[in-house]
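Residue-level structure breakdown
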Amino acid sequence: MAKGRPRAFDACTALDDAMEVFWRQGYDGASIADLTAAMGISAPSLYAAFGNKEGLFRAVLERYDEEQAGIRQRMLDAPTSRDAVAMFLKDVAEKATKPGEPPGCLLLQGGLAVSEEAADIPQELARCRASAEMVLRTRIECGAASGELAEGADPAALARYVTAVSNGMCVQAAAGATRAELLQTAELALAVWPTRAAHLKRAKRAAG
């Protein structure tokens, strides 16, 4: 029976190393050899600790989700839904262009196109992205309930809109967009946020 990794094994560090490989190369592009080289372990140790490549990837996603917990809680605690969205998009821009890390987003680049053997990986990534969208929707619904949003504003549609903007920002980052450019995109998205005050101001202007 293959032995596990020595006591020097640091699970968090190993998962961070594996995350970078999956992030840069995608699920299918990341070979066991690539992963073990990055993690500093043997293939038998990887299988003993995580079962297989898919098990490792799921552990990486759990690690990634833990890292996102802080920003999600700050979004829920933000003074207004617009503040929450601004915080979210700023975090996306910063993380997608963080020096020393792959550009873009693991949840997009990790498995948009995979082989038949890994057909459930895109669904797993979609569930992770949906989790972030649900946090956005929850905070926007709270904003609507407290009268922040213009009448008729749809929290679910707004959450989808913000998610689409954030995904686009990550794709742009992977293609070489700078942080300043991504922050500009975020500002443009926020400029049309349907706050009640902005709606009333536009209506007053239209009325002459």
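Residues numbered from 1 in each chain as written. Predicted model: local features only at pLDDT ≥ 70, side-chain atom pairs only at ≥ 80, totals over all residues. Heavy atoms only, no water.

**Concerning the side chain of T163**
Looking at the secondary structure, you find T163 in helix α8 (residues 155–174). If we skip the residues at most four places from it in the chain, T163 touches E133 and L136. (Helix = DSSP H or I, 4+ residues; strand = E, 2+ residues; numbered from the N terminus. Contact = heavy atoms within 4.5 Å.)

**Considering the confidence of the model for the protein chain**
Chain-level pLDDT for the protein chain is 88 on average; 89% of the residues reach the 70-or-more range. Highest mean pLDDT in the protein chain belongs to helix α9 (residues 179–191) (97); lowest belongs to helix α10 (residues 196–207) (52). Low pLDDT (under 50) marks residues 1–7, which in the prediction has 10 contacts with non-local residues, meaning those over four places away or in another chain. (pLDDT = per-residue confidence, 0-100.)

**Description of the environment of L182**
Residue position: L182 is located in helix α9. With a relative accessible area of 0%, L182 lands in the buried category. When neighbours within four sequence positions are excluded, L182 is seen to be in contact with A93, A96, T97, M169, Q172, A173 and A177. (Buried < 20%, exposed > 50% of the residue type's maximum accessible area, 1.4 Å probe, protein only.)

**A look at helix α2 (residues 32–39)**
Turning to α2, its buried residues are L35, T36 and M39. For α2, the angular spread of buried residues about the axis comes to 95 degrees, placing them on one side. Turned more than 90 degrees from where α2 packs its buried face, A33 and A37 sit exposed. Check the buried side of α2 and you find it contacts α1 (11–29), α3 (43–50) and α4 (53–77). Positioned one or two residues after α2, G40 has a phi angle of 75 degrees, which is positive. (Arc of directions from axis to C-beta.)

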